[in-house]
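# Understanding the architecture of this molecule
If you want the building blocks of each chain, they are given just below.
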Amino acid sequence: MVKICLECQSEPEERGPGSALRELLTDGETASTDTCSGARLTDFCAVWDAGVFLVSAAGKGAPSGVTERRLNEAETLNSVREAQFQRLEAARPRGLGRGARGPVLRMAGQPPPWAYIAVLLCVLSLGGAIEIPMDPSIQNELSQPPTITKQSVKDHIVDPRDNILIECEAKGNPAPSFHWTRNSKFFNIAKDPRVSMRRRSGTLVIDFRSGGRPEEYEGEYQCFARNKFGTALSNRIRLQVSKSPLWPKENLDPVVVQEGAPLTLQCNPPPGLPSPVIFWMSSSMEPITQDKRVSQGHNGDLYFSNVMLQDMQTDYSCNARFHFTHTIQQKNPFTLKVLTNHPYNDSSLRNHPDMYSARGVAERTPSFMYPQGTASSQMVLRGMDLLLECIASGVPTPDIAWYKKGGDLPSDKAKFENFNKALRITNVSEEDSGEYFCLASNKMGSIRHTISVRVKAAPYWLDEPKNLILAPGEDGRLVCRANGNPKPTVQWMVNGEPLQSAPPNPNREVAGDTIIFRDTQISSRAVYQCNTSNEHGYLLANAFVSVLDVPPRMLSPRNQLIRVILYNRTRLDCPFFGSPIPTLRWFKNGQGSNLDGGNYHVYENGSLEIKMIRKEDQGIYTCVATNILGKAENQVRLEVKDPTRIYRMPEDQVAKRGTTVQLECRVKHDPSLKLAVSWLKDDEPLYISNRMKKEEDSLTIFGVAERDQGSYTCVASTELDQDLAKAYLTVLADQATPTNRLAALPKGRPDRPRDLELTDLAERSVRLTWIPGDDNNSPITDYVVQFEEDQFQPGVWHDHSKFPGSVNSAVLRLSPYVNYQFRVIAINEVGSSHPSLPSERYRTSGAPPESNPSDVKGEGTRKNNMEITWTPMNATSAFGPNLRYIVKWRRRETRETWNNVTVWGSRYVVGQTPVYVPYEIRVQAENDFGKGPEPDTVIGYSGEDLPSAPRRFRVRQPNLETINLEWDHPEHPNGILIGYTLKYVAFNGTKVGKQIVENFSPNQTKFTVQRADPVSRYRFSLSARTQVGSGEAVTEESPAPPNEATPTAAYTNNQADIATQGWFIGLMCAIALLVLILLIVCFIKRSRGGKYPVREKKDVPLGPEDPKEEDGSFDYSDEDNKPLQGSQTSLDGTIKQQESDDSLVDYGEGGEGQFNEDGSFIGQYTVKKDKEETEGNESSEATSPVNAIYSLA
């Protein structure tokens, strides 16, 4: 069988300059104006019985860059050549009309010659190397310049113990010959008996079995592949022999270091080719345990951030492993002598929360061991990995964090290594340049080191030159465009020689990175090389120019038959080939004009699309391909068939159990097509049991049972189309009378299945077969397969899967590393059978876990710990022996490194944690075969503690009936607040009432207390609660209630209550300052205005005509201890207000002075503007400082 798939998706292009050329090439006949402009998809495959011969790609015809550059060049071409150039460029691939997806073309035997040509032209359309088919007739017609297909890497390092192999393979027609240069000079292979070249290849083999030194053949090699159409070049291959020099012998004195000091053990391995892999071990070949305190740098040195006494327990030896020789060389070991203030290595101190101070080691701020100083720079090439490293010393051991100045680290490419001491950014690009800095910090301080990263680039392709296939007289060009840093230079060669020294070609023009060809001829065939290079490397590409002169050929079988369904869309394919590119026309029934427009659409690749098939479209279609060298044609016979339709569909039904149900499905179809009717139940193929009867137009179910309930789909299909219809059957459990013989017989549970057998044993599955037992007059509805394993829960049976009662064999999916044993239980409407006898055991092989434990939690059981728990995995998810869990945790929203521990149980307690802080937690399963997938991160919290006191507890008394309480949440909740507890008690002097307790939700911050009486005060105590208990309480008292009988005393008490308020203190200070200013002003006036008369008796009022009042003089009383005028002393020593016309009432706007509920005086103290002369008891004391204070208050 051969299958050809050629597709070109496009929209028709308007008639352009290329139309005139097409008419010229077709002797003036009208040609199709459709072109495959825009995006074009080529999908080609050739398949036959012996295997797969595949060429597949997704191209866009001519490269997008080529089309754009050719448009820029158009100004240099005359109008005729411009039209020809654009027409031929848009028509890539050269000489091939690409077919669209259509009917499969089937042939028996070996692929015919046209299949080889299709493969060839498909490759040509992609601009890659040409595959010359093996058919002799095609080989004689199509020629190909050489193309390098395989070569060794540019830096070729070889093992000195093996023969040297330098690969170079090429193809071409005729087959190319090969020669080599070494160090830019011809390498004469015939003169060296050790050197030979493989047959039909340019691969060099240098044989050392008879002696010789491989080092003598080091150098730079280049391969040349040549035939009569040109010469192709390989890369310049630098051959080097691997070296693994011995380590120089040296005697190392013990290293003496003070405990807590930093230390670097230098490796200094011998230079090898390639560089060796470095690792540290003890002299007894035990690996050195590394952590954030002790680790190996990228240069191979071993760094101690601070030395501890336990570091003396082993010695340290640097080892170098060389790749090619597979040898390990060991340096003489270092031994440490640690000077300490605490000579005993007490292991209990290792877990001490402050291990360093416990051992008498002084703490110190971090400093960098590598790199030195505060700044450095690093250069990296584009596409390589950038490795930045910072190793710091300090006590305690510093943590390392990485940042990029002015941006974030590239999360998709950046990863941390070596306990966060190294930052690796893979596949570096130009945007990764900039300044990075590492921050080393411990509790003593922090320092940082800035690394300036510069990204350079070896040359990389922007537009690699592609092979150019042209027809005689066509124009084209080769483009070689590359980028790099610094900008690379471009050098052109032809057949391996510099273009400047090549014979002149009037049809060729070089413009920088582009070679333009005009009016190419057969003699223009050659292989061109583009070499672009800068100081960091080079790129070398070969691209040949080939000129083909081929008359049109049809690539598909002749006289195809295509059958289509009425009213469908279809395509008739006519793949063709020729050079110059032929034009294609379609005709129907051998007559009429070219088919295009209306219901027809012709693609340039040769496909004719019929948008909607009608009966009159049936007939014979002829495609004709024409170029200046001739024409070719092919025919396709189109048959139109009636569609398949279900005209009587099954209907939804409701049936009682035990009755008979019939589902109809009557179909109309084209009689020339073979019809097949099938049924689905619940979208799965229906198993036709002995209770069912399938006919051509119906499905009958006898003795309907509950398991028959579901959706039934009738599928009517032919080889061209299909139709389907669906109905739903509902089964009722109750039935009035039996509908068959079995219903009248006594029913019972089924007998147990027997004779279990395991077959088709596979790594992850097995087939289980059993013989059903007697159903005891009640059909078996289901089988339950159970399994038991003997490792985790021996003797316990688990349900594995459930199958319909109509089957007795099933494929069971198995888990790795489980020793299975199976049994089967039958079920009918009466009940379940006894389990069958167990099958033989079957153990599956192990594998790494495919899941991780579930229900991972982190909760504190004490205020300084966090308990991590999870649900352990069962036997079917362990997948291997020694199932264990890797537990990782770190504080959330910090850049701490992950802590990890391996646990065999289902819990782990993290100690010495701060109170109630969030942690990121991961639990990963691991067995002896490997680790499970990366686990999800779960957020847990350390233990809670008692909360601090609520903040800003405020007691307000708006009136005599209520007291309002307000507070803010505690500053340190130390956990999840579960509420607040308020305790308060009323008291009056020495009398204390019963304590009342109120509990509030954690969101409530207000509460109102209804007073029992207007006299008593209240003492409040408020505390917050977590799960641990109630925290520190804050206590406040309500203000003293006012005494309405003695307003002055009540006012005084209230004044005492507010004396501690900040606003009151500020007000009093302002009033005192104001009074002081007034006194100073009065003193100044008295000094300037003379003496002020003082009345001897204060109760003598000033007359309205008193001259002292007119000249602004005042009386001041010098009797400090006398009560205020207008007041009298009570028996208990309190001062009572006398009734007088000069009372405080006169200063208000209302009729009476009033006290508010907290005892303060309500009313505005204003000076009466209209004082009557009859007020003889007015006193000068109303203007005294004391009265002024009371007035303002």
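Remember, it's a predicted structure, so these values are computed and weren't measured experimentally. (Residues numbered from 1 in each chain as written. Predicted model: local features only at pLDDT ≥ 70, side-chain atom pairs only at ≥ 80, totals over all residues. Heavy atoms only, no water.)

### Comments concerning a nonpolar patch on the surface
- Taken together, the side chains of L1073, L1076, I1077, I1080, V1081, F1083 and I1084 present a nonpolar region at the surface, about 650 Å² in accessible area.
- Overall, the relative accessible area of 38% leaves I1084 in the partly exposed class. (Patch = residues over 30% accessible without salt bridge, like charges linked within 9 Å, V, L, I, M, F, W, Y side chains within 5 Å. Areas by Shrake-Rupley, 256 points an atom, 1.4 Å probe, with all protein chains shown as cover. Salt bridge = Lys/Arg side-chain N within 4 Å of Asp/Glu carboxyl O. Buried < 20%, exposed > 50% of the residue type's maximum accessible area, 1.4 Å probe, protein only.)

### A closer look at the confidence of the model for the protein
- For the protein, the average pLDDT comes to 78, and 76% of its residues sit at 70 or higher.
- The model gives residues 735–743 a pLDDT under 50, and that stretch makes 12 contacts with residues more than four places away or in other chains.
- Below pLDDT 50 for its whole length, residues 1091–1193 participates in 112 contacts with residues either more than four positions away or in separate chains. (pLDDT = per-residue confidence, 0-100. Contact = heavy atoms within 4.5 Å.)

### Points about the packing of aromatic side chains
- Enumeration according to the criterion identifies 20 aromatic pairs in this entry.
- Grouped by ring-pair contacts, the aromatic residues F953, W967, Y980, F1000 and F1007 constitute a single cluster.
- Note that R236 overlies the ring of Y538, its terminal NZ or CZ placed 3.9 Å from the centroid.
- Directly above the ring of F987 sits R1019, whose terminal nitrogen or CZ lies 4.3 Å from the centroid. (Phe/Tyr/Trp six-rings, centres within 6.5 Å; stacked < 30°, edge-to-face > 60°. Lys NZ or Arg CZ within 6 Å of the ring centre and 35° of its normal.)

### Some details on the state of the cysteines
- Across all of its chains, the model carries 6 disulfides by this definition.
- Covalently, C267 is tied to C318 through a disulfide, its sulfur atoms 1.9 Å apart. Note on the C267 and C318 pair: the S-S dihedral is about -70°, so by sign convention the disulfide is left-handed. With C267 in the loop between β16 (263–265) and β17 (277–281) and C318 in strand β20 (residues 317–322), the pair connects residues that are 51 residues apart, well separated along the chain. Both residues of the pair, C267 and C318, belong to the buried class.
- Here C574 is linked by a disulfide to C623, with a sulfur-sulfur distance of 1.9 Å. (Disulfide = S-S within 2.5 Å. Helix = DSSP H or I, 4+ residues; strand = E, 2+ residues; numbered from the N terminus.)

### Structural notes on the nonpolar core
- If you look at the biggest cluster of nonpolar residues, it comprises 30 residues, and the most contacted ones within it are I164, I166, W180, L204, Y217 and Y221.
- Elements supplying a minimum of two residues to this core: β6 (164–166), β7 (168–173), β8 (177–182), β11 (204–206), β12 (219–227) and β14 (237–241).
- Here I164 is in contact with V158, L204, V205, I206, F208, P214, Y217 and L239, once residues within four sequence places are set aside.
- Counting residues in hydrophobic clusters, the runner-up holds 22 residues, among them I562, L595, Y621 and V640. (Core = buried A, V, L, I, M, F, W, Y, C linked by side-chain atoms within 4.5 Å.)

### As for the sheet that holds strand β59 (residues 722–732)
- Reading across the sheet, the 5 strands line up as β51-β59-β58-β54-β55 and stay open at both edges, with mixed pairing between neighbours. Two strands in the sheet have a free side with no partner beyond their single neighbour: β51 (653–656) and β55 (684–685).
- One ladder, built from 8 bridges, connects strand β58 (residues 710–717) with β59; its direction is antiparallel. Within β59, the position partnered with V715 by the bridge is L724. (Pairing = 2+ DSSP bridges.)

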